[in-house]
Amino acid sequence: MLTAQVFVNVPVKSIAKPYTYRIPPELAQVGPGWRVLVPFGGRKVEGFILATQRQPAEALVGLKLKDISATVDEEAWFQPVMLEEARWMASFYLCSLAEAMRLFMPGKSGLKITVAYTAEDAARDHVLLGQSTYRALYDYIAAHGPVRRPQLAKAFPAPYDLTSCLDKLCAYHILRKEYEAKGRDAARYERIAVLQEPLTAARRQDFSRRKAQLALWEYLEAHGGSVSFQALKAAGKTTATVQKLAAAGIVSVQQRRVLRDSYAAIDSTQEARTLTEEQAAAVRAVTPCIEQRKYQGFLLYGVTGSGKTQVYIELARLVRRAGRQVIVLVPEIALTGQLVLAFKAYFRQDIIVMHSRLTLAERNDAVHRVRRGEAGVIIGARSALFTPAEQVGLIILDEEQDMSYKQDESPRYHARVVAEAFARFQRAVLVLGSATPSLETYHRARTGELTLLAMPHRVGAVPLPEVACVDMRQELRLGNRHIISRPLEALIRQTLAAHEQIIIMLNRRGYSTFVMCRSCGEVIKCPDCGLPLVYHQRRAPQGGATRGLLLCHHCDIRQSVPDTCPKCGSRYIKYFGSGTEKLEQELRALVPEARVIRMDRDTTGAKFAHQNILRRFRAGEYDILLGTQMVAKGHDIPGVTAVGIISADASLNMPDFRAAERCFMLITQTAGRAGRRVRGARRGKVLVQTYNTEHYAVQCGIRQDYAGFYAQEIQLRRALGYPPFTRLIKLLFQAESKAAAREQAAAFVAACRQKFGAPADGTQPRAEVIGPAPALVAKFRGTYRFVLLIKAHDLAAVQTYLRSCRLHLRTDVAIDIDPITMM
Ligand SMILES: Nc1ncnc2c1ncn2[C@@H]1O[C@H](COP(=O)(O)OP(=O)(O)OP(=O)(O)O)[C@@H](O)[C@H]1O
Ligand SMILES: [Zn+2]
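Values in this document were obtained by computation on a predicted structure and should not be read as measured data.

1. Some words on the coordination of the zinc ion (ligand 2)
Working reference: metal with six octahedral donors, ideal angles 90 or 180 degrees; metal with four tetrahedral donors, ideal angle 109.5 degrees. Distances from the zinc ion (ligand 2) to its protein donors, Cys526 (SG), Cys529 (SG), Cys552 (SG) and Cys555 (SG), fall within 2.2 to 2.3 Å. Geometry at the zinc ion (ligand 2) is tetrahedral, judged from the four donor atoms that bind it and their angles of 101 to 124° at the metal. Written as a sequence motif, the donor arrangement for the zinc ion (ligand 2) is C-x2-C-x22-C-x2-C. Of the two residues, Cys526 is situated in the loop between strand E21 (514-517) and strand E22 (534-536) and Cys555 in the loop between strand E23 (549-551) and strand E24 (558-560); the sequence distance between them amounts to 29 residues. Overall, the relative accessible area of 4% leaves Cys526 in the buried class. Here Cys555 falls in the buried class, since its relative accessible area comes to 17%.

2. Some details on the packing of helix H7 (residues 211-222) against helix H9 (residues 239-247)
Packing of H7 against H9 brings their axes to within 9 Å, and their N-to-C directions diverge by 85°. Relative to H9, the element H7 is oriented roughly perpendicular. In this structure, H7 contributes Ala212, Gln213, Leu216 and Trp217 to the contact, and H9 contributes Thr241, Val242, Lys244 and Leu245. Of the residues assigned to the contact of H7 with H9, the class counts are five nonpolar, two polar and one charged.

3. Details of the UniProt feature "domain: Helicase C-terminal" (unreviewed entry) in the chain
Per the UniProt record, "domain: Helicase C-terminal" (unreviewed entry) is annotated on residues 560-732. Measuring from the first to the last C-alpha atom of residues 560-732 gives 32 Å, for a span that is 33% helix and 18% strand.

4. Quick word on the nonpolar core
Counting 120 residues, the largest nonpolar core has Met89, Ile395, Phe422 and Leu731 as its most contacted members. No other element matches helix H1 (residues 80-93), which puts eight residues into this core. Residues contacting Leu731, with those up to four places away along its chain left out, are Phe748, Phe786, Val787, Leu788, Ile790, Leu802, Leu807, Ala814 and Ile815. If you look at the next biggest cluster of nonpolar residues, it comprises 31 residues, including Val311, Phe343, Ile351 and Val377.

5. Comments concerning the pairing of strand E15 (residues 377-380)
Covered by surrounding structure in E15 are Val377 and Ile379 together with Ile378 and Gly380, the residues of both alternating faces. The pairing of strand E14 (residues 351-354) with E15 spans four bridges and is parallel. In the strand pairing of E15, Ile352 is matched with Ile378. What joins E14 to E15 is helix H13 (residues 360-371), and the crossover it makes is right-handed.

6. Observations regarding the environment of Gly376
Looking at where Gly376 falls in the secondary structure, it is placed in the loop between H13 and E15. Residue classification places Gly376 among the buried positions, given a relative accessible area of 1%. A sequence separation of 13 residues divides Gly376 from Ala389, and the C-alpha atoms of the two residues are 8.4 Å apart. Residue contacts for Gly376: discarding those within four places in its chain leaves Arg320, Gln325, Val326 and Asp350.

7. Digging into the UniProt feature "binding site: Zn(2+) 2" (unreviewed entry) in the chain
Residues annotated in UniProt with the feature "binding site: Zn(2+) 2" (unreviewed entry) correspond here to Cys526, Cys529, Cys552 and Cys555. These residues run over 30 residues, yet every pair of their C-alpha atoms falls within 8.6 Å of each other. Structurally, the position occupied by Cys529 is in the loop between E21 and E22. If we skip the residues at most four places from it in the chain, Cys529 touches Cys552, His554, Cys555, Val777, Lys779 and Phe780. Discounting chain neighbours no more than four positions away, the residues touching Cys555 are Cys526, Asp528, Cys529, Phe780 and Arg781.

8. Describing the sheet that holds strand E20 (residues 501-506)
Strand pairing in a sheet relies on backbone hydrogen bonds. The paired strands run either parallel or antiparallel. Read from one edge to the other, the open sheet built from six strands follows the order E19-E29-E28-E20-E27-E26, with strand pairing classed as parallel. In this open sheet, the two strands that pair with only one neighbour each are strand E19 (466-471) and strand E26 (596-599). Neighbour-to-neighbour, the strand axes of this sheet turn through a mean angle of 15°, independent of strand direction. Summarising the sheet, E19 and strand E29 (residues 685-690) pair through six bridges and their orientation is parallel. By the bridge assignment for E29, Cys469 is matched with Val688. In the packing of helix H17 (residues 486-497) onto the sheet, contacts are made with E19, E20, strand E27 (624-627), strand E28 (640-646) and E29, and the angle to E28 comes to roughly 160°. Those strands touched by helix H18 (residues 580-590) are E20, E26, E27 and E28, and its axis lies near 155° from that of E27.

9. Things to note about the site of ligand 1
Ligand 1 sits among 20 residues. The nearest are Gly305, Lys308, Thr309, Asp636 and Arg676. Within the side chain of Asp636, a nitrogen or oxygen atom sits 2.3 Å from an oxygen atom of ligand 1. With respect to ligand 1, the side chain of Arg677 contributes an N or O atom lying 2.9 Å from an oxygen atom. In isolation ligand 1 offers 640 Å² of accessible surface; the protein chains occlude 83% of this area. With three residues, the top contributor of residues to the shell around ligand 1 is helix H11 (residues 308-321). Looking at side-chain class alone, the shell around ligand 1 contains three nonpolar, ten polar and seven charged residues.

10. Side note on the packing of aromatic side chains
Applying the stated criterion to the full structure yields 29 aromatic pairs. On the basis of an interplanar angle of 75° and a centroid distance of 5.4 Å, the ring pair of Phe48 and Phe78 is categorised as edge-to-face. Here Phe78 lies in the loop between strand E5 (70-71) and H1 and Phe48 lies in strand E4 (residues 43-54), a separation of 30 residues in the sequence. Accessibility classification places Phe48 together with Phe78 in one group, the buried group. Measuring from ring centre to ring centre gives 4.3 Å for Phe657 and Tyr722, while their planes differ by 5°; the resulting arrangement is stacked. With Phe657 in the loop between E28 and helix H20 (659-671) and Tyr722 in the loop between helix H22 (706-720) and strand E30 (727-735), this residue pair connects regions lying 65 residues apart in the sequence. With respect to class, Phe657 is no different from Tyr722; both count as buried. Connected via pairs of aromatic rings, a cluster forms that spans Tyr301, Tyr442, Phe664, Tyr696, Tyr706, Phe709 and Tyr710. Lying over the aromatic face of Phe207, Arg210 brings its terminal NZ or CZ to 4.0 Å of the ring centre. Between Lys574 and the ring centre of Phe576, over which it is positioned, the NZ or CZ distance is 5.5 Å.

11. Points about the confidence of the model for the chain
Residue-level pLDDT values for the chain average 88, and 94% of them are 70 or greater. Mean pLDDT across the elements of the chain bottoms out in strand E8 (residues 175-183) (68) and peaks in strand E17 (residues 429-434) (98).

12. Some remarks on the pairing of E17
Along E17, six of the six residues are buried, which leaves the element largely enclosed by surrounding structure. Neither face of E17 is exposed, since Val429, Val431 and Gly433 on one face and Leu430, Leu432 and Ser434 on the opposite face are all buried. Summarising the sheet, strand E12 (residues 296-302) and E17 pair through six bridges and their orientation is parallel. Each bridged residue has a counterpart across the sheet, and for Gln296 the counterpart in E17 is Val429. Where strand E16 (residues 392-397) lies against E17, four bridges are found, and the strand directions are parallel.

Cut-offs and rules
Residues numbered from 1 in each chain as written. Chains lettered and ligands numbered in written order. Predicted model: local features only at pLDDT ≥ 70, side-chain atom pairs only at ≥ 80, totals over all residues. Heavy atoms only, no water. Donors = N, O, S within 2.8 Å, 3.2 Å for Na, K, Ca; no water. Tetrahedral: all angles 85-135°; square planar, octahedral: opposite > 155°, others 65-115°. Helix = DSSP H or I, 4+ residues; strand = E, 2+ residues; numbered from the N terminus. Buried < 20%, exposed > 50% of the residue type's maximum accessible area, 1.4 Å probe, protein only. Axes fitted to C-alpha atoms, helices over the stretch in contact; angles between N-to-C directions. Parallel < 35°, antiparallel > 145°, perpendicular 65-115°, else oblique. Contact = heavy atoms within 4.5 Å. Nonpolar A, V, L, I, M, F, W, Y, C, P; charged D, E, K, R; others polar. UniProt positions renumbered as here; feature names shortened; annotations may be inferred. Core = buried A, V, L, I, M, F, W, Y, C linked by side-chain atoms within 4.5 Å. Pairing = 2+ DSSP bridges. Right-handed = clockwise from strand over helix to strand, strands pointing away. Near = heavy atom within 4 Å. Polar contact = N/O pair within 3.5 Å; in protein donor to acceptor, adjacent residues only side chain to side chain. Areas by Shrake-Rupley, 256 points an atom, 1.4 Å probe, with all protein chains shown as cover. Phe/Tyr/Trp six-rings, centres within 6.5 Å; stacked < 30°, edge-to-face > 60°. Lys NZ or Arg CZ within 6 Å of the ring centre and 35° of its normal. pLDDT = per-residue confidence, 0-100.

Now the structure itself:
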């Protein structure tokens, strides 16, 4: 008898193990990697088959195995390499295998399961049906065939106790509950005419009097033998003619799945270009690894505007020519329209773009295009890593330092780490690209774990911009309390006068960053998470003033603005700190003639909002683009000659060892948008407003001196034992009382120190533990949260230890390997 080990797709940690099911004879085709429907705890749920086994019937006696109910797809969803990858994810990130496998499915669960009730005919005369309440329900269901719950709820409204009546009738087998699983992907089909017989001279003779049919036959011959009805109609062929040829057996009418490609309409062209010497050298270095089909990791370290995209494209072409697939990861797909366009110019329809705003159906269609071999270049944000592609030859991470490569819910994976693991499984080449590589990556390139490919010059020998800084303490002394300093104001005016464009970055959205009572000092905070609420000023649709609202940037709670202090009742409520809304207002007042557009999370809610803003700015419809770090990401806009960076150093005050790195990168990346096409002796101009003019992150940022920054930062990291010299693991303990949360965390700290504390032989401990400390969000919706941080010299040893403590099965503990925030 055939049995299967099935992992059920249910988000509960305690059932994180496979269950055995019987494979009924009619489903004998299933094997490892198939998605199936199985009965589980009185319901039907989706499951994944891990393995199948043939066992003698005697061995199963008394086990009461249930049958697999149905299959979900026509083939295995998980190829063997994907199962391997999922297993690796689960073991590395200490999540359940189901959690890891869910990542590989568009929409997490491909299934929508509905319940319908049917009346058992044989139970027509059951004694229970003597009662009129039951009788009415039974008769209704008998008359209407399988009936779904919502329809019953309408027919039998309260006070009728539908739930208990249904339960009872089902328990006595008078009604039958049926589960219906539907793929959520709502596949669309079209009719096509497929030619069955070649058009010979003799046949042409036969049809000489049937002109329309002959014309259709010729048309089909000329168009590859299969054409959709829609296309035939457009070509003036009627359905009646098709039917006649079908009746004669010359064509067959078939259904074909229509795969929506939301990027099909986007087209771009590109004249052939010659690579710069630096680009060509980079391509040459990678080529042998692609040919040999072996894993190797590269860091493409190219300054802003050095043409990294073109290197990606050349490498991707090599891989596609070898018949393998390419995954290109970008931090935020909405902000990377230009990269997509550049790829489109070379790969046309051979691309799928995985976009968070695609509908599930569009996503499924995209995946099918890859599976059918219709597309082999997959572009998307971190989740694109999990696209079911079996022959990946190249994985590229553009802007590899970007924080959005980290997923902040379980499994808390980092796309850079996963990409490397997958590249090894698939024997693919890994290319990490950046102008400001993460310290971890650059360090690995220095030690030879990654091969360094450097492109120190901009394309066309355009110089890097000239960056200066404005000391905001000095501005304050001079009596300027505005967000915009006088030098920046001058730069704005200069740029406008030259009919050029400027980008201004302020990395805080909203109007005022916090609201405080001046009488008692109370800061208004989010009731759920305790973080200060941010004041947003919403403009009324027809102009005129509206009262804004208070918003929590952590959990999106909205509140109206109080008239008086919630604590002391005072009316002296004041707004502090400036966000992009206020900056926009100030800019409009300062240079009313300028055309200003803002890009932050509040102006980009609609489907293609980012693209539209960038397109219009690029087309010269605006003079000033202002916004959060969104305006800093990789944009290549010819008209931009100047950039203003407002309080780049805000992040320096964060209690986080990466604060300096973030500050440096933000300055360098934002500055890198300026003067990418200037000619002659000109250079782009950048002004950085700061309160920390002497800080090395600011100083190196101003010089765009990555090497200098790295040299200083790496010393600190070494001295303090932070990455890249250790790997971090953050554990978050949650409990309903503060004492319990702290105690749980403290007990674990003690256990950890016991295990890893100073070894007797005086060697370096394999791990150090810091904490516990209250989390940044110390209390969230009634649960208290404490964090502890493990600095691991031996990551695998710590992972093994956590597993042996069964920490990964606890729902009150969140495990974060390689966290990007410390609190
Ligand atoms: N070989 C080439 N010949 C001519 N133009 C090129 C060539 N390679 C790239 N370019 C152009 O140079 C510009 C900069 O390239 P790209 O945007 O890829 O830079 P980048 O290295 O990704 O920079 P950033 O790190 O700022 O995103 C683009 O406009 C691109 O079209
Ligand atoms: Zn909140």
